[in-house]
Amino acid sequence: MIENEKYGEIMNKELIKISVRNLVEFILRKGDIDNRISRTAEKEAMQLGSKMHRKIQKQMPSSYHAEVPLKIVLHTEKYDLQLEGRADGIIEEEEITIDEIKGVFCTLEQLEEPKTVHLAQAKCYAYIYGQQKDLEEISVQMTYCNLETEEIKRFKETYLLKELEIWFYHLINEYKKWADFQMDWKKKRNASIKKLDFPYTYRKGQKDLAISVYKTILRKKKLFIQAPTGVGKTMATVFPSVKAIGEELGKKIFYLTAKTITRTVVEQGFQLLKSQGLQCKVITLTAKEKICFSEEKECNPEKCPYAKGHYDRVNDAVYDMVTTTNEMSRENIEFYAQKHNVCPFEMSLDVALWTDIVICDYNYVFDPNAHLRRFFSDEVKGEYIFLIDEAHNLVERGREMYSATIFKEEFLEAKRIVKNLDKKLERKLDICNRELLELKRSCRGCEIYQSLGQFSISMTNLLMELERFMEECERGDVKDGLLEFFFHVRTFLNVYDILDENYKIYAELDEDEKFKLKLFCVNPATNLQKCLEKGNSTIFFSATFLPIYYYKQLLSTEKDDYAIYVNSPFEEKNREIIIGSDVSSKYTLRNAQMYKKIASYIMKTLEAKKGNYIAFFPSYQFMENVYEMLEENRLEKTTYLLQEKIMTEEKREEFLDEFSKERNGNLLGLCVMGGIFSEGIDLTEERLVGVFVVGTGIPQICHEREILRGYFEEKKGKGFEYAYLYPGMNKVLQSAGRVIRTEKDRGIILLLDDRFLQRQCREIFPKEWLDVKRSDLDNVSKYVEEFWERNKNEKQ
């Protein structure tokens, strides 16, 4: 049992921290998963409620003390448990009252008593405060405020401190088995980490990289790593991070990736460490649509038996799993979810609380609409270690996650759905639609606004009406029809609330003639920083982090971040880089003659050396135009594979499997730069002997790119570079990186665009791209043949 000791009698033991809110929500949760609106309503009420909290607190008398931090340390034989939180208000009059404020959308007449979890949170604060002040009794007041009408309803009850103490320690003892497990497991894990050695012989530069990672974590800093393929950066970042966890320099590792295939590599790395004695629990979060048991993917108790009563059973399911097995695999998640009849996706998120390493997509940490509230809510300081793989992707992903778009046509469709069902909601929709119509009439191509003024107020009023309607509406078809629109309105307002100098507001008519209003996050660094502050240290790494200052400025706000460049471990003679000086992908030069010339480069290379190749193009249209030229003069014994715009995982695998088959001729894959085959794939040795990179990857000119150009020209004096050149060259480097993956690989990289000869492109080339040959169509065969002849002689 946990002893009833006074706050302040802290012993020199291990300390487990948990917030009051997380404790009561974890132990006392009950009921169903229901996505029809309840969880969304709760989240939205939290966001709008914080403003209402401050308004109510300011209206209170001087005896009311707002936002009072409270903490108690409870002792057991093995560890101390620290429970902490912040009371919304403490009223110090003749009687002491703890005030807990909750914003809600429902009508207050529906509230006949406080919600269990809300009251429990207030009672915890009441016990902690009463125990510290030696009170005999204390009152608890629940203040509910309707966020639309600002109407207030209060519930108040007085408790003897002795009865609160009995209730409080019953709650704490419910949590004790979890804390016991956490402490016992940590000791076992840390003991195994101490014995752990690096699983390989260090490659060139790998040990220095691992040391740099460890020192960065020790100093609680950020590190940007430019490390080419072959360095072994996955293990060089994972191993020192695991060591740091064992030395209490962080509580949990989040390994973040942009693509599923990268997760497989890191999973294999942890399995290797486990085979050498590491005891750790590693979970890879699988997307809801992939792991869901139900065909309809509807998360409500009427459609899914696993959603019904999920919260009544999920704690037992999680405890059963984490105390029975160390393998947190998808198969095991599904097994225990079936055993306890709970949702496998939601269960996996809870299991992650009790694991040492979480492997997941960026959005679980950074996306405000999808991040894991268990780890990243405002009151949590996680002491995490973030390992961000292929971090060059985070710039565009960050912009997407922190931007918001709304279309005028969505309001018309919403009006159609609710017609004659709710006059008040129709009026709010009509107001927003008319205001958007005014903006549309004044829009000439692309309009940039400093603020949205009245429209943001109208949208806030609309959101409240939508929330009310969705709670009251009993027609499932209507609610389903409005749900996506509701999310769009909510997201738009959430983003509007955080607008700063890193945003631009613009409107345009899109290619479908729809009127679009967008809150565009041009620099995501500030928003990303808020998430990363939940951790102790962050390691960004990529094989294409060039120029590194560009990524440092768009991924971090701090000026003292570390950065290192790791040289390639492969010999330069293993690779030949050739620039085609007489071709270009410029829009003004795109014609049949140019497509034919590029096709000729490809055919001459394949004639000089038979094998497997991939050609990367700036667009699908460009790819198809060159393919037509290749077909006109088709080489004998040559197979062509074309990337499709939409490919299932099965089709992707079939595409890649072709490169492993024995064949007597050539194989040419035709793909798009920046697509699914331009990064994260390993085709080693004879599976790939060359790549063609057609064009500099520069994005097509559009309003959004021009907004970026103007913003960064003003801020950095590098508008073209930040908006076009650097994003384009990243695609080039990623595509070129497909060809040399191991020390046994030999291959050719053909850069087919005369712009690669320009200084601004050459400056972004990796250091190891020293001996780049300039060629034209007449002598490309000679360069290719000479390279392979040299390699043939060396092998002999």
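Worth saying up front: this structure is predicted, and the values here are computed from it rather than measured.

So, the pattern of salt bridges
Here comes step 1: Under the criterion given, the structure shown has 43 salt bridges.
Here comes step 2: A salt bridge links Asp361 to Arg263; the nearest nitrogen and oxygen atoms lie 3.3 Å apart. One end of the pair, Asp361, is in strand E11 (residues 357-361); the other, Arg263, is in helix H7 (residues 260-275), and 98 residues separate them in sequence. The pair Asp361 / Arg263 is uniform in exposure class, with both members buried.
Here comes step 3: Taking the shortest distance from any N to any O, the salt bridge between Arg468 and Glu472 comes out at 3.1 Å.

Structural notes on the packing of helix H5 (residues 206-218) against helix H6 (residues 233-246)
Helices that pack against each other are described as a pair by the angle of their axes relative to one another and the distance between those axes.
Here comes step 1: Contact geometry of H5 with H6 gives a least axis separation of 8 Å together with a crossing angle of 40°. Taken together, the axes of H5 and H6 are oblique relative to one another. Relative to H6, H5 is oriented so that their crossing is right-handed. The segment H5 lies against H6, with Gln206, Leu209, Ala210, Val213, Tyr214 and Ile217 engaging Lys233, Met235, Ala236, Thr237, Pro240, Ser241 and Ala244.
Here comes step 2: Among the residues forming the contact of H5 with H6, the class breakdown is nine nonpolar, three polar and one charged.

Looking at empty space enclosed by the protein
Here comes step 1: The tally for this structure, following the rule as stated, stands at two cavities of 30 Å³ or more.
Here comes step 2: Estimates place the volume of the largest cavity at around 110 Å³.
Here comes step 3: Secondary-structure elements contributing two or more residues to the lining of the largest cavity are helix H8 (288-291) and helix H11 (344-352).
Here comes step 4: For the lining of the largest cavity, the residue count by class is eleven nonpolar, one polar and three charged.
Here comes step 5: Each pocket or cavity is described by its volume, and for the second largest cavity that value is around 50 Å³.
Here comes step 6: Looking at the second largest cavity, the residues that line it are Arg189, Ile193, Val242, Ile245, Ile253, Leu278, Cys280, Asp356 and Ile357.
Here comes step 7: Residue assignment for the lining of the second largest cavity shows that the elements contributing at least two residues are helix H4 (161-194) and H6.
Here comes step 8: Of the residues contributing to the lining of the second largest cavity, the split by class is seven nonpolar, no polar and two charged.

As for the sheet that holds strand E19 (residues 575-580)
Within a beta sheet, neighbouring strands are joined by backbone hydrogen bonds and run either parallel or antiparallel to one another.
Here comes step 1: Across the sheet, seven strands lie side by side as E21-E22-E20-E23-E24-E19-E25; this open sheet has parallel pairing. The open sheet has two edge strands, strand E21 (638-642) and strand E25 (772-775), and neither has a second partner. The average angle at which neighbouring strand axes cross in this sheet is 20°, direction not considered.
Here comes step 2: As judged from the four bridges shared by strand E20 (residues 612-617) and strand E23 (residues 690-694), these two strands associate in the parallel manner. Bridging across to E23, Ile614 finds its partner in Val691.
Here comes step 3: Against the sheet, helix H21 (residues 592-608) contacts E19, E20, E21, strand E22 (666-672), E23, strand E24 (747-752) and E25, and its axis sits at roughly 170° relative to E23.

Thoughts on the layout of surface pockets
Here comes step 1: The space that makes up the second largest pocket amounts to roughly 1200 Å³.
Here comes step 2: Along the wall of the second largest pocket there are 44 residues; nearest its centre are Thr229, Gly230, Lys233, Asp682 and Arg741.
Here comes step 3: Mapped onto the lining of the second largest pocket, the elements with two or more residues apiece are H6, H7 and helix H25 (719-736).
Here comes step 4: With five residues, H7 is the single largest residue contributor to the lining of the second largest pocket.

Section: unusual backbone geometry
Here comes step 1: For the bond from Leu546 to Pro547, the omega torsion is -10°, close enough to zero to count as cis.
Here comes step 2: Here Pro547 is to be found in the loop between strand E17 (535-542) and helix H20 (548-555).
Here comes step 3: A positive phi angle, near 50°, is found at Glu67, a position not held by glycine.
Here comes step 4: Relative to the helices and strands, Glu67 is located in strand E2 (residues 64-75).
Here comes step 5: We classify Glu67 as partly exposed; its relative accessible area is 31%.
Here comes step 6: You will see that Lys637, though not glycine, has its phi angle at about 50°, which is positive.
Here comes step 7: Residue position: Lys637 is located in the loop between helix H22 (620-632) and E21.
Here comes step 8: Owing to a relative accessible area of 55%, Lys637 belongs among the exposed residues under this scheme.

Criteria and cut-off values
- Residues numbered from 1 in each chain as written.
- Predicted model: local features only at pLDDT ≥ 70, side-chain atom pairs only at ≥ 80, totals over all residues.
- Heavy atoms only, no water.
- Salt bridge = Lys/Arg side-chain N within 4 Å of Asp/Glu carboxyl O.
- Helix = DSSP H or I, 4+ residues; strand = E, 2+ residues; numbered from the N terminus.
- Buried < 20%, exposed > 50% of the residue type's maximum accessible area, 1.4 Å probe, protein only.
- Axes fitted to C-alpha atoms, helices over the stretch in contact; angles between N-to-C directions.
- Parallel < 35°, antiparallel > 145°, perpendicular 65-115°, else oblique.
- Left-handed = near helix turned anticlockwise from the far one by under 90°.
- Contact = heavy atoms within 4.5 Å.
- Nonpolar A, V, L, I, M, F, W, Y, C, P; charged D, E, K, R; others polar.
- 1 Å grid on protein atoms, 1.4 Å probe; cavity = no way out; pocket = protein on both sides within 12 Å on 5 of 7 lines; lining within 4 Å.
- Points joined across faces, edges and corners; volume = space filled by probe spheres on them.
- Pairing = 2+ DSSP bridges.

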